[in-house]
Amino acid sequence: MRSSLILAVLHLSGLPAFTAETVVVGSKAFTESVVLGEIIRQLLEVRGIRAEHKAELGGTPVVYNGLKAGTISVYVEYTGTLMQELLADKRPTNEQEVRARLAEQNLVLGQRLGFINNYEIGVTRELARTRRLKKLSDLEQHPDLNIALSSEFLGRKDGWPLIKARYGLPQVALGMNHETAMAGLVRGKNDVTDLYSTDSEIAQYDLVKLEDDRGIMPVYHAVYLYRADLPTKAVEVLKELEGKIDTQLMLRLNANVRINRVSETVVAAEFLNETFGLNLPTGESRWGRLASGMVSATWQHLLLVIVSLALSVAVAIPLGILAYTRPRLGTLILATVGVIQTIPSMALLVFVIPVLGLGLWPALAALLLYSLLPIVRNTYQGLKDIPLALKESAVVIGLSRQARLWRIELPLASRSILVGIKTAAVINVGTATIGAIIGAGGYGQPILTGIRLDDIPMILSGAIPAALMALAMQGLFAVVEPLVVPKGLRVS
Amino acid sequence: MLELSGVSKSYDGRIILQPTSLTVAPGETVVLIGPSGCGKSTLLRIIVGLVSPDAGTVWLDGEQLTEQTLLRLRSRFGYVLQDGGLFPHLTGRDNVAIMADYLNWDQRRIQTRVAELAHLVRLPLELLARYPTQMSGGQRQRVGIMRALMLDPSVVLLDEPMGALDPLVRADLQQDLKDIFDRLKKVVVMVTHDMGEAGFFADRILLLGEGRVVQAGSLDDFIHRPANDFVRRFITAQRLLTLAGVNP
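Residues numbered from 1 in each chain as written. Chains lettered and ligands numbered in written order. Predicted model: local features only at pLDDT ≥ 70, side-chain atom pairs only at ≥ 80, totals over all residues. Heavy atoms only, no water.

Here we come to the overall build of chain B. Counting its secondary structure elements, chain B contains nine helices and 10 strands. Relative to a compact globule of 248 residues, whose C-alpha radius of gyration would be 18 Å, chain B shows 18 Å and is just as compact. Across its three principal directions, the C-alpha atoms of chain B cover 55 × 45 × 35 Å. Counting only residues that meet the buried cut, chain B has 51% of its 248 residues in that class. Of the contacts made within chain B by residues no fewer than 6 positions apart, 67% connect residues no fewer than 24 positions apart. As displayed, chain B has an accessible area near 11,200 Å², and 50% of this comes from carbon and sulfur atoms. Treating the 27 positive side-chain charges of chain B as one cloud and the 28 negative ones as another, the clouds have centres 0 Å apart. (Helix = DSSP H or I, 4+ residues; strand = E, 2+ residues; numbered from the N terminus. Rg over C-alpha atoms; globule rule 2.2 N^0.38 Å. Buried < 20%, exposed > 50% of the residue type's maximum accessible area, 1.4 Å probe, protein only. Contact = heavy atoms within 4.5 Å. Areas by Shrake-Rupley, 256 points an atom, 1.4 Å probe, with all protein chains shown as cover. Lys, Arg positive; Asp, Glu negative; His and termini not counted. Charge placed at Lys NZ, Arg CZ, Asp CG, Glu CD.)

Pasting the structure below:
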């Protein structure tokens, strides 16, 4: 049991020693990226190279930083994104310069896969007709339109800020998940959203793309981005795919996932079978997939919560004691853990990637940091609230500082400390769902995938067990309390 | 022998205790009395090392109380405070034995000593298995006295030990406590604000007012030979309360 736990930790953490011969493929959290990740993984494996796919890793910064940190070895990026966003401060004007700038960071820009996936601004045909919308510059006359954009597009230099500035648009846009924004457009919840030109929904719902009449939007060719230390054998395999996926094909693959609800794994296998005459398995039961996903998600989630909580208890209780015994240092400690709590989880995760890479460790680090506050505070407060008469009694009878802490003060504060740990545990169960964004798995994975695919059963397969686990934590503490809180504090 | 020479204390420029000297011999009971804020509690806290004096020294059996000697000398003080000051997470027995346990006495020795003290304070031994919240106020105070006497200290200090008790329980405990002091022949310093209680226990009463000893002597001295108007008023106020049946 113990050795399997250690193995699981090592596996999830992606320690270099274990992945030396495994190629880790990354993908961003939208369907096309996941399909391409699956295609690369399966082709590598069929060519005899061990490969792993860390799927749906949040947005561009997560995947790009993961590549730089070495947690992943390859993913599919877009030329426009590289030029306008990732390398924007270096102002490359063509692919040659992009290649040179990347080489400075030991990254390699591979050849084009064959398709273009541009950002477009889209509306429904109905709205285009009633408001006479054809071009981006037409939007200026309609300040009342609700604009909902994918969060990344909303913030990127090559995204909404560029369009808003160059077209002088008055609207204020809201940011959300890309698929959610599109679903909102179709259901009439918002009027305008950003589209990827390979989105199958464009054809499915007959959406209208507004023309970039000032010609400011970059072109986004799909390209490999990989580490210079990727084994030559793997690079050779990647080359097999170059030029093999044109825009029509990519549209079709996306549609298979999003409209026909085929899993990315199967869509990728079907494509590879067709293109390379392979015989990869394509049969899979949806419910079986859901069930096996839940088992591994439960295991990963428990690991995240329990390990982070154990680490946090080991760090936070001594910090709470220190805050109590050294009041001036204590002010600093309490302020610091308070500030940590206010850092948005997504930002915190992105901060820790350069140090800890992707996967289990950064997720554990984030959860550890977030559970400090309740435990430090309750330890400090529990010790501080002990009646002065009891503290003085302990001094006067002749106990040393240390003996007072262990024999008197910590037992008297035990209930408060336990409440702090319980709070941290319950919060952790919820917060651990964000671990999926950086490849740590857990119940966040089906939630993330379910939101992306608009698949309610899949969302529930993550959300319900997470809620049950939070309840189970509460129950667990009811069992633990009599073991930790001295009997004298429980009788009356 | 407990000796204080010229101990004083002030906080933020306000004098709490003017230089005070006091010698208490084994077998003698000194009671500190006075209105709130008179410095009696500060004096007791200086003796026991909870407050360090600005000037002056405290000597216990010829050894000076310093930061270095304090921790060692504390085992020669027994301290009883209002409502016993018992630790709620420990049983009566564990409260009594906490220091002996900390000092690694062997269990048999602890057992014998606890039984001896339970007999002394007239507490059934089985009651010590209870937690403080499961005891009456009088029982808690008897356990508190056992804890103070456990290491056979030279000095017993009591801070308003009867403060939280109802009159009948109080009368019982007063008598028992006086018998114990008479038998054990220790240095006893008690703080109270009840003149009757002071007279009952004290070989010598010290009345404090505004940070200094206003008068020292027996109850008889205070009643018949008050040193000044302040003492006279203090005695009169106490009498009125007693006559009115009010428990001060």
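Resuming the write-up.
Here chain A averages 89 in pLDDT, while 95% of its residues score no lower than 70. With pLDDT under 50 throughout, residues 1–19 of chain A is counted as low confidence; its partners more than four residues away or in other chains account for 20 contacts. (pLDDT = per-residue confidence, 0-100.)

Looking now at the packing of helix 3 (residues 92–102) of chain B against helix 5 (residues 137–149) of chain B. Residue and element names in this part refer to chain B. Remark: helix 3 packs on helix 5, axes separated minimally by 8 Å, with the N-to-C direction vectors making an angle of 20°. Taken together, the axes of helix 3 and helix 5 lie roughly parallel to each other. Taken as a pair, helix 3 and helix 5 cross one another with a handedness that is right-handed. Contact residues: Gly 92, Asn 95, Val 96 and Ile 98 in helix 3; Val 143, Met 146 and Arg 147 in helix 5. Taken together, the residues of the contact of helix 3 with helix 5 break down into four nonpolar, two polar and one charged. (Axes fitted to C-alpha atoms, helices over the stretch in contact; angles between N-to-C directions. Parallel < 35°, antiparallel > 145°, perpendicular 65-115°, else oblique. Left-handed = near helix turned anticlockwise from the far one by under 90°. Nonpolar A, V, L, I, M, F, W, Y, C, P; charged D, E, K, R; others polar.)

All right, on to the interface of chain B and chain A then. With 20 residues of chain B at the interface, the matching set in chain A holds 22 residues. A buried area of about 2,100 Å², summed over both sides, lies between chain B and chain A, and 69% of it is on carbon and sulfur atoms. Considering only the surface of chain B that becomes buried against chain A, Phe 87, His 89 and Tyr 102 of chain B emerge as the three largest contributors, covering 28% of it. With a closest N to O distance of 3.1 Å, Asp 101 of chain B and Arg 407 of chain A form a salt bridge. The interface formed by chain B and chain A includes five residue pairs in polar contact (both at pLDDT 80 or more). Elements with a contribution of two residues or more to the side of chain B that touches chain A: strand 6 (77–81) and helix 3 of chain B. In terms of residue count, helix 3 of chain B provides more of the side of chain B that touches chain A than any other element does, four residues in total. (Buried area = accessible area lost by both parts, 1.4 Å probe. Salt bridge = Lys/Arg side-chain N within 4 Å of Asp/Glu carboxyl O. Polar contact = N/O pair within 3.5 Å; in protein donor to acceptor, adjacent residues only side chain to side chain.)

This brings us to a nonpolar patch on the surface. Residues and elements named next belong to chain A. Together, Ile 456, Leu 460, Ile 464, Leu 468 and Leu 471 make up an exposed nonpolar region whose accessible area comes to about 480 Å². Relative to the assigned elements, Leu 471 resides in helix 22 (residues 456–484). The exposed category is assigned to Leu 471, whose relative accessible area is 57%. (Patch = residues over 30% accessible without salt bridge, like charges linked within 9 Å, V, L, I, M, F, W, Y side chains within 5 Å.)

Counting 125 residues, the largest nonpolar core has Leu 102 of chain A together with Met 146, Met 150 and Phe 181 of chain B as the members making the most contacts within it. Those residues in contact with Leu 102 of chain A that sit more than four places away from it in its chain are Tyr 64, Leu 82, Leu 87, Leu 107, Leu 109 and Leu 225 of chain A. Listed in part, the 63 residues of the second largest apolar core include Tyr 119, Val 192, Leu 249 and Ala 269 of chain A. (Core = buried A, V, L, I, M, F, W, Y, C linked by side-chain atoms within 4.5 Å.)

Residues and elements named next belong to chain A. Inspection of the secondary structure puts His 301 in helix 15 (residues 286–325). The class of His 301 is buried, set by a relative accessible area of 0%. With residues up to four places along the chain from it excluded, the contact list for His 301 reads Val 429, Ala 432, Thr 433, Gly 442, Tyr 443 and Met 469.

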